[in-house]
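Below are the chains, spelled out letter by letter.
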Amino acid sequence: MPVISSLAKGWRDVRTISFLTLDTLFWSKKTTFVAFISLTILGLSVLGRLIMAYRWIRVPFNAAQVFATLMSTAVIHFLVVFVTLFYGTALISDEVEGKTLTYLFVRPIPKPTILIGKFLAMAWISSMLVLPTVVLSYVILYLRSDLQPFMEDIGLLAKDIGIVFLALLAYGSFFTLIGAWLKHSILAGLIYAFGWEGIISYLPGFTRKLTITHYIQSIFPHQDSAAAIAMLIGERTDAVESVITLVLLVAFFLATASLILREKEYVLEQ
């Protein structure tokens, strides 16, 4: 069967590129720095647990409130964006700067396959750095002799893991597109993540739907300040519609990045 044979070869090519990229990313300085940031967020979880245990702050709050704040501010709006920005924009630009893009292109592998393989590697290593941080933060804040709160909110933890993974794919695919398209991609990514999204997502009207964070906030299961402000300005998008939109955005960003990679001529600086 020619179709099955072609699909099998395509998967082998994607897997080969993924493993090569994963090996490069795993030993890079970026991964060491991201791991340090993840440990810092775990440190915030420990600090929150100590504050609750020893009542260093008189205002009463519980593990659920601390975890919701941590997820909204430190994980989704910082760690996820930070990780995907640095990995996504570098998938192609690092190959250009290192003058190794030519060696990839001379392989008998289609350029879109190369991009998909590199993106899957980025998604895997990003998940391995971010998702354990979410789980360990939950354990640090919730685990105690009374396991009732721990078990009651375990469903929220599962939703958080799914939302964070979807956010990694959405932001990762967008920054991969930026990296394949623009020369100064990390600057453009910073402007989008901390400029455009930081302003547009809190404006009334349709414009807030032109951000990735709007759809993530729409399915966020916790009550946080960012979501509360968004609710005052306008209603959330339906959860099913938000998930479908995020999935379609991932497909669109990757398809566009693949087209750019196939058509664009990259100039390797001497």
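Participant: I keep staring at the overall build of the protein chain and nothing clicks. Help me out?
Facilitator: Tallying secondary structure elements over the protein chain gives 12 helices and 0 strands in all. The order of helices and strands in the protein chain, counted from the N terminus, is α-α-α-α-α-α-α-α-α-α-α-α. Each of the 270 residues in the protein chain was classed as buried or not, and the buried ones make up 46%. Long-range pairs, those at least 24 residues apart, make up 78% of the contacts in the protein chain between residues at least 6 apart in sequence. Working note: accessible area of the protein chain is about 14,500 Å², and carbon and sulfur atoms make up 70% of it.

Participant: Any chance you could explain the packing of aromatic side chains here in plain terms?
Facilitator: Working definition: an aromatic ring pair is given by the centre-to-centre distance plus the angle between the planes. Enumeration over the complete set of coordinates arrives at 13 aromatic pairs. Here the aromatic rings of Phe174 and Phe253 are separated by 5.2 Å at their centres, their planes lie at 65 degrees, and the arrangement is edge-to-face. Taken together, the positions of Phe174 in helix H8 (residues 154–181) and Phe253 in helix H12 (residues 239–263) put the pair 79 residues apart, joining distant regions of the chain. Judged on exposure class, the residue Phe174 and its partner Phe253 are both buried. Taken together, the ring pairs connect Tyr171, Phe174, Phe175, Tyr192, Phe252 and Phe253 into an aromatic cluster.

Participant: Would you explain the packing of helix H3 (residues 63–88) against helix H6 (residues 111–142) in this entry?
Facilitator: The description of two packed helices rests on the angle between their axes and on the distance between the axes. The interhelical angle for the contact between H3 and H6, taken along N-to-C directions, is 165 degrees, at an axis separation of 11 Å. The angle between H3 and H6 falls in the class roughly antiparallel. The way H3 lies across H6 gives a crossing that is right-handed. Residues that form the contact of H3 with H6 fall into these classes: 19 nonpolar, 5 polar and no charged.

Participant: Please explain the nonpolar core as it appears in this structure.
Facilitator: Soluble globular proteins tend to bury their nonpolar side chains together. The biggest cluster of nonpolar side chains holds 71 residues, and the ones touching the most others in it are Val164, Tyr171 and Ile212. Of the residues forming this core, the biggest block, 15 residues, is contributed by H3. Excluding anything up to four places from it in sequence, Tyr171 contacts Val80, Val81, Thr84, Tyr192, Glu197, Ile212, Thr213 and Ile216.

Participant: Teacher, can you tell me more about a nonpolar patch on the surface here?
Facilitator: On the surface, a cluster of nonpolar side chains totalling about 540 Å² of accessible area is made up of Phe78, Ile186, Leu187, Leu190, Ile191 and Phe194. Broken down by element, the nonpolar patch gets its largest block of residues, 5 residues, from helix H9 (residues 185–200).

Participant: How do you make sense of H12 when you look at a structure like this?
Facilitator: Structurally, the α-helix is built with 3.6 residues per turn, so residues lying three or four positions apart point the same way. Taking 1.5 Å as the rise per residue, H12 with 25 residues should run 36 Å; its terminal C-alpha atoms sit 36 Å apart, in good agreement. Of all the residues in H12, the buried ones are Ser242, Thr245, Leu246, Val250, Phe253, Leu254, Ala257, Ser258, Ile260 and Leu261. Buried residues along H12 sit in contact with helix H4 (90–97), helix H5 (101–105), H6, H8 and helix H10 (212–219). The backbone nitrogen of Val240 lies 3.1 Å from a side-chain oxygen of the residue at the head of H12, namely Asp238.

Participant: Please explain the side chain of Ser18 as it appears in this structure.
Facilitator: Here Ser18 shows up in helix H1 (residues 2–26). Residue class for Ser18 comes out buried when judged on its relative accessible area of 11%. What Ser18 contacts, discounting residues up to four positions off in sequence, is Gly117, Leu120 and Ala121.

Participant: Help me understand H6 in this model?
Facilitator: Between its first and last C-alpha, H6 extends 46 Å over 32 residues, near the 46 Å set by a 1.5 Å rise per residue. Along H6, the largest kink reaches about 30 degrees and is centred on Ser127.

Participant: In this structure, what is going on with the pattern of salt bridges? I would like to understand it.
Facilitator: Pairing is possible between side chains of opposite charge, provided their charged atoms come close. Inspection of the entire model under this criterion finds 1 salt bridge. Here Arg262 and Glu263 are joined by a salt bridge, their closest N and O atoms 3.2 Å apart. A relative accessible area of 54% places Glu263 in the exposed class.

Participant: Sorry, what's going on with the side chain of Ser218 here?
Facilitator: Here Ser218 shows up in helix H10. Separated by 3.1 Å, the side chain of Ser218 and the backbone nitrogen of Thr237 make a polar contact. Setting aside chain neighbours within four positions, we find Ser218 in contact with Arg236, Thr237 and Ser242.

Participant: Just to check I follow, could you spell out the environment of Ala255 for this structure?
Facilitator: Positionally, Ala255 belongs in helix H12. Distance in space between the C-alpha atoms of Ala255 and Leu115 is 9.6 Å, their sequence separation being 140 residues.

Participant: Please clarify how the packing of H6 against H12 should be interpreted in this entry.
Facilitator: It is at 8 Å that the axes of H6 and H12 come closest, and there the two elements cross at 130 degrees. When the axis of H6 is compared with that of H12, the two are oblique. Taken as a pair, H6 and H12 cross one another with a handedness that is right-handed. For the pair formed by H6 and H12, the contact residues are Lys111, Pro112, Leu115, Ile116 and Phe119 on the first element and Leu254, Ala257, Ser258, Leu261 and Arg262 on the second.

Quick notes on the rules
- Within every chain, residues take consecutive numbers counted from 1 along the sequence as written.
- This being a predicted model, a pLDDT of at least 70 is required before a residue's local features are given, and a value of 80 or more before pairs of side-chain atoms are given or counted; all residues contribute to the totals for chains, interfaces and linings.
- As a rule here, side-chain values come from all non-hydrogen atoms in the structure, and water together with hydrogens is ignored.
- Runs of H or I in DSSP of at least four residues are treated as helices and runs of E of at least two as strands, each being numbered from the N terminus.
- Using a 1.4 Å probe on the protein chains alone, a residue whose accessible area is under 20% of its type maximum counts as buried, one over 50% counts as exposed, and one in between counts as partly exposed.
- By definition in these notes, contact holds between two residues if any of their heavy atoms fall within 4.5 Å.
- Using a 1.4 Å probe, the Shrake-Rupley method yields the accessible areas, and only the shown protein chains count as cover for residues.
- Planes of paired rings set the category: under 30 degrees apart is stacked, over 60 is edge-to-face and the rest tilted, where pairs are Phe, Tyr or Trp rings (Trp by its six-membered ring) whose centres lie within 6.5 Å.
- Note on geometry: axes are C-alpha line fits, over the in-contact stretch for helices, and angles between N-to-C directions span 0 to 180 degrees.
- When describing relative orientation, an angle under 35 degrees is termed roughly parallel and one over 145 degrees roughly antiparallel, while 65 to 115 degrees is termed roughly perpendicular and anything else oblique.
- By the definition used in this description, the sense in which the near helix is turned from the far one sets the handedness, with an anticlockwise turn below a right angle giving left-handed and a clockwise turn giving right-handed.
- Under the scheme applied, nonpolar residues are Ala, Val, Leu, Ile, Met, Phe, Trp, Tyr, Cys and Pro; charged residues are Asp, Glu, Lys and Arg; polar residues are all the others, including Gly.
- By nonpolar core we mean a set of buried residues, namely Ala, Val, Leu, Ile, Met, Phe, Trp, Tyr and Cys, connected to one another through side-chain atoms within 4.5 Å.
- Here a patch means residues that are over 30% exposed by relative accessible area and free of salt bridges, tied together within 9 Å if like-charged and within 5 Å if nonpolar (Val, Leu, Ile, Met, Phe, Trp, Tyr).
- Counted as salt bridges are all cases of a side-chain nitrogen of Lys or Arg within 4 Å of a carboxyl oxygen of Asp or Glu.
- To estimate the expected span of a helix, subtract one from its residue number and multiply by 1.5 Å.
- We define a polar contact as two N or O atoms separated by no more than 3.5 Å, with the added condition that, inside protein, one atom must be a possible hydrogen donor and the other a possible acceptor, whereas residues neighbouring each other in sequence contribute only through side-chain atom pairs.
- One axis fitted to the seven residues ending at a residue, another fitted to the seven starting there: the angle between these axes is the bend at that residue.

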